[in-house]
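Architecture at a glance
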Amino acid sequence: MTPVSDPSSFSSLSKCATKHLNLIYHVDFERHVLKGKVALTVEVLEDKFSSLTLDSKDLKIFKVSANGQAAQFALGTKHKFKGSPLEITLPFELSRGQHVIVEIEYETSPSATALQWLTPKQTAGKKHPYLFSQCQATHCRTMVPCQDTPSVKHTYYAQVSVPRELVALMSALRDGQEPDPSDSSRVIYRFRQPVSMPSYLIAIVVGALESREIGPRSRVWSEKECVDEAAFEFSETETMLKTAESLAGPYVWGQYDVLVLPPSFPYGGMENPCLTFVTPTVLAGDRSLAGVIAHEISHSWTGNLVTNRTWEHFWSNFFILKWLNEGHTVYIERMIARCMESEQLRQFKGIGGWKELQESVKQFGANNVLTNLVPNLHEVDTDEAFSLVPYEKGFALLYHLEELMGGPEVFMGFVKSYIQLFAYGSVTTEEWKNYLFTYFKDKVDILNKVDWNGWMHTPGMPPVKPQYDTTMADACTALCQRWVKAKEEDLASFTEADVKKLNSPQLIEFMALLLQEPLPLSHVKKMQEVYQLNSVKNAEVRFRWLRICVKAHWEEAVPLALKMATEQGRMKFTRPLFKEVYNFSKYSDEAVKTFKEHRGALHPVTAMLVAKDLKIDG
């Protein structure tokens, strides 16, 4: 294994490695804090070991002990986004290979960026408060002092005390519950995660939750107001799991549950082991969530089982978990689509992904190093680096290699072998590449011709554009061009039947094409008259449609766009909608005013990024 250096972590990665966490949480909804105790089982990696550093951010540390003996501790200088190093001095010296249990009593801050506390009015039921976490990429340090880096993987056990009318869940197997012996109004939920995983996958949710069984190893959880709808939408989960297993190997996490969160959840999904978090915007009644679930299921192998060593190698998982997590995950997700639907659908998704990559590169700037597949993240906030680049640039590279190596069946053999070899560990891009050359040892001459520097370390679009089957895309392109080229007298030729011929992915692609070729206001108004797009519930379609309307300066669409931007908090939708209205100069102030009014309901990371988009100081 190559020496570990993580620019996003203060922790002592070369000196020691955490093997297990034992967590005890008391969830305090009144003060918006977790009062906690964590015992870290730490393996020593060097001789004369007498001190260690953990990551922490805005934590109040009360007490530290090592093997039951009091230990000295101090919080170092606070970094603007990495937090404060927790420096611990042991009361004894250890040798390489020994273990020590470091126990820390602490409390989180009400402003912990990993935690979002919702008032009853922000929930579907309106009666009880709600808490959920989002630790990726480097926010776990705001809810537990730890080695907050994907290069360290550990198991964990947890006990969580919550008000008895609420339910607690974690990214682990449920291990029973009991009345809290210290408070009869509360109940303790227990959890165990026997598979080693990185800190960013620790997750907690507390709310008035109900569940429905959707398969032999799956339940869907949400507030009762939408649990039955969610159960219907996720009914194909077991089929997807079995398909993924046929591609990538056995599912090792035991349970695969799905949690539908309140609208302020900032992402489409989060692959927390045993409990995938998903946005309620996927409940569109037309199975549009299939891609989201296939993606998160794929992370059970790429990301959760095989993890990028640091966030700079994210292409296979997140953005600075980069290409090793997300690129492979998108590749497997689309292979699931191929198995369950058709190769044409996989090709079509590749075309859409390429366009989204073009838009991301345009937003960052073609020379921005954050558009590298493997970026340098020294002094870079991982939240600000997040984009679709590692997902789609990573997929494009894998698809290009698939074409060179002999097709999807051949290349999927490599992906499965790679997963099995590096399972339960972490990997760098260089280690991935070395194994690629080893696996395809009879095709090294072809691999040597790949422009690796252009793919990995050069900003902008990839050096090679994949050639995709355009069968499904052609209908979208044809309809788009009809609208773009139409004169006023041609508008009467459009009918509702135009879009009835398109399935949901094609309708989304049609909207995406129109975003690249803005229409005059007269055309947009006619499109609404003919297609009734304002009434479409599919969030992916509605999001693009409202951006088209605002780009065309249709003033009636502005309140609709701001409503969608604020009634849910998924960054994929909220940020572009706010930016679109802000760029409509007549309504720039309205965008800022609306954001400030709703800022408190957004996830802290979402709020921070929208504030930057709208050029709001602080």
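Because the structure is a prediction, the values reported are computed rather than measured.

Rules used throughout
- For every chain, the first residue of the written sequence is number 1, and numbering continues from 1 along that sequence.
- Where totals are concerned, whole chains, interfaces and linings use all residues; where local detail is concerned, this predicted model gives features only for residues with pLDDT of at least 70, and gives and counts side-chain atom pairs only at 80 or more.
- Only heavy atoms go into the side-chain values, all of them from the structure, while hydrogens and water stay out.
- A helix here means a DSSP run of H or I that spans at least four residues, while a strand means a run of E at least two residues long, and both kinds are numbered starting from the N terminus.
- Using a 1.4 Å probe on the protein chains alone, a residue whose accessible area is under 20% of its type maximum counts as buried, one over 50% counts as exposed, and one in between counts as partly exposed.
- In a helix, the anticipated span is given by 1.5 Å times the number of residues less one.
- The arc in question is formed by the directions pointing from the helix axis toward the C-beta atoms.
- Residues are treated as being in contact if the distance between any of their heavy atoms lies within 4.5 Å.
- UniProt positions are given in the numbering used here, feature names are shortened, and annotations may be inferred rather than shown by experiment.
- By convention here, the domain bounds are inherited from an automatic or database domain assignment.
- What counts as buried area is the accessible surface, traced by a 1.4 Å probe, that two parts surrender upon association, with contributions from both included.
- Salt bridge, as used here, is a side-chain nitrogen of Lys or Arg placed within 4 Å of a carboxyl oxygen of Asp or Glu.
- Pairing between two strands is assigned when DSSP locates at least 2 bridges connecting them.
- Lines fitted to C-alpha atoms define the axes here, with helix axes fitted over just the stretch in contact, and angles between the N-to-C directions of these axes take values from 0 to 180 degrees.
- By nonpolar core is meant a set of buried Ala, Val, Leu, Ile, Met, Phe, Trp, Tyr and Cys residues that side-chain atoms within 4.5 Å join together.
- Between rings of Phe, Tyr and Trp, where Trp is taken as its six-membered ring, a pair exists when centres lie within 6.5 Å; planes separated by under 30 degrees are stacked, by over 60 edge-to-face, and by other angles tilted.
- Our definition puts a charge over a ring when NZ of Lys or CZ of Arg is within 6 Å of the ring centre and also within 35 degrees of the ring normal.

Each neighbour pair has its own omega, and for glutamine 136 with alanine 137 the value is 5°, a cis peptide bond. As for its placement among the helices and strands, alanine 137 is situated in the loop between β10 (130–133) and β11 (153–163). Look at lysine 48: it is not a glycine, yet its phi comes out positive at around 55°. Within the secondary structure, lysine 48 is located in the loop between β2 (33–44) and β3 (49–56). Residue classification places lysine 48 among the exposed positions, given a relative accessible area of 65%. One non-glycine residue with positive phi stands out, namely lysine 126, at about 65°. Its place among the elements puts lysine 126 in the loop between β9 (115–118) and β10. We classify lysine 126 as exposed; its relative accessible area is 52%.

Between its first and last C-alpha atoms helix α12 (residues 471–485) spans 22 Å; for 15 residues at 1.5 Å apiece the expected length is 21 Å, and the two agree. Of the residues making up α12, those classed as buried are Met472, Ala473, Cys476, Leu479, Cys480 and Trp483. For α12, the angular spread of buried residues about the axis comes to 130°, placing them on one side. The inward-facing, buried residues of α12 abut α5 (343–364), α13 (497–500), α14 (504–516) and α15 (521–531).

Summarizing the sequence annotation, UniProt attributes the feature "binding site: Zn(2+)" (unreviewed entry) to His295, His299 and Glu326 in the numbering used throughout. Spanning 32 residues, the named residues nonetheless gather at one spot, since no C-alpha pair among them exceeds 9.0 Å. Within the secondary structure layout, histidine 295 lies in helix α3 (residues 290–298). When near neighbours in sequence (up to four residues on either side) are disregarded, histidine 295 contacts Glu326, Thr329, Val330, Glu333 and Tyr391. Within the secondary structure layout, histidine 299 lies in the loop between α3 and β21 (307–308). Of the residues examined, histidine 299 reaches a relative accessible area of 0% and is grouped as buried.

Assigned domains within the protein: domain 1 (1–206), domain 2 (208–300), domain 3 (318–457) and domain 4 (471–614). Domain 1 and domain 4 are separated by 41 Å when their C-alpha centres are compared. At the interface, 7 residues of domain 1 touch 6 residues of domain 4. Buried surface at the junction of domain 1 and domain 4, both sides included, amounts to about 440 Å², of which 53% is carbon and sulfur. Together, Thr113, Gln116 and Gln122 form the three largest contributors to the area buried by domain 1 at its contact with domain 4, with a combined 69%. Linking domain 1 with domain 4 are 0 salt bridges, by the criterion used here.

Further remarks concern the pairing of β10. Here β10 shows a buried face lined by Tyr130 and Phe132 and a second buried face lined by Leu131 and Ser133. Relative to β10, β9 is paired through 4 bridges, and the arrangement is antiparallel. Within the sheet, the bridge partner assigned to glutamine 116 lies in β10 and is phenylalanine 132. Bridge count between β10 and strand β15 (residues 204–207): 2 bridges; the pairing is antiparallel. Opposite phenylalanine 132, over in β15, you have valine 205 as the bridge partner.

Okay, the sheet that holds β10 next. Taking strand neighbours across the sheet as the criterion, the 4 strands line up as β9-β10-β15-β12 in an open arrangement whose pairing is antiparallel. With partners counted over all chains shown, the strands left at the sheet margins are β9 and β12 (167–170), one partner each. For this sheet the average axis-to-axis angle between neighbouring strands, irrespective of direction, equals 15°. Where β12 lies against β15, 4 bridges are found, and the strand directions are antiparallel. Paired with leucine 169 across the two strands is valine 205, which belongs to β15.

Residues Ile104, Phe234, Trp432 and Phe510 are the most contacted members of the largest nonpolar core, which totals 203 residues. Here the element with the most residues in this core is helix α7 (residues 389–405); it accounts for 9 residues.

Time to look at helix α18 (residues 571–583). In this model, α18 (13 residues) spans 18 Å end to end at C-alpha, consistent with the 18 Å of a helix rising 1.5 Å per residue. Of all 13 residues in α18, 10 are buried, a share of seventy percent or more. Along α18, the residues classified as buried are Met571, Phe573, Thr574, Arg575, Pro576, Leu577, Phe578, Glu580, Val581 and Tyr582. On its buried side, α18 packs onto α16 (539–551), α17 (557–567), α19 (588–598) and α20 (604–613).

A few words now on the packing of aromatic side chains. One pass over the structure, following the stated rule, counts 28 aromatic pairs. A centroid spacing of 6.2 Å and a plane angle of 75° characterise the contact between tryptophan 432 and tryptophan 452, whose relative ring orientation is edge-to-face. With tryptophan 432 in helix α9 (residues 429–439) and tryptophan 452 in helix α11 (residues 452–456), this residue pair connects regions lying 20 residues apart in the sequence. For tryptophan 432, a relative accessible area of 0% puts it in the buried group. One cation-aromatic arrangement involves lysine 82 over phenylalanine 10; the distance from NZ or CZ to the ring centre is 4.8 Å. It is arginine 334 that lies over the ring of phenylalanine 395; its NZ or CZ is 4.5 Å from the centre.

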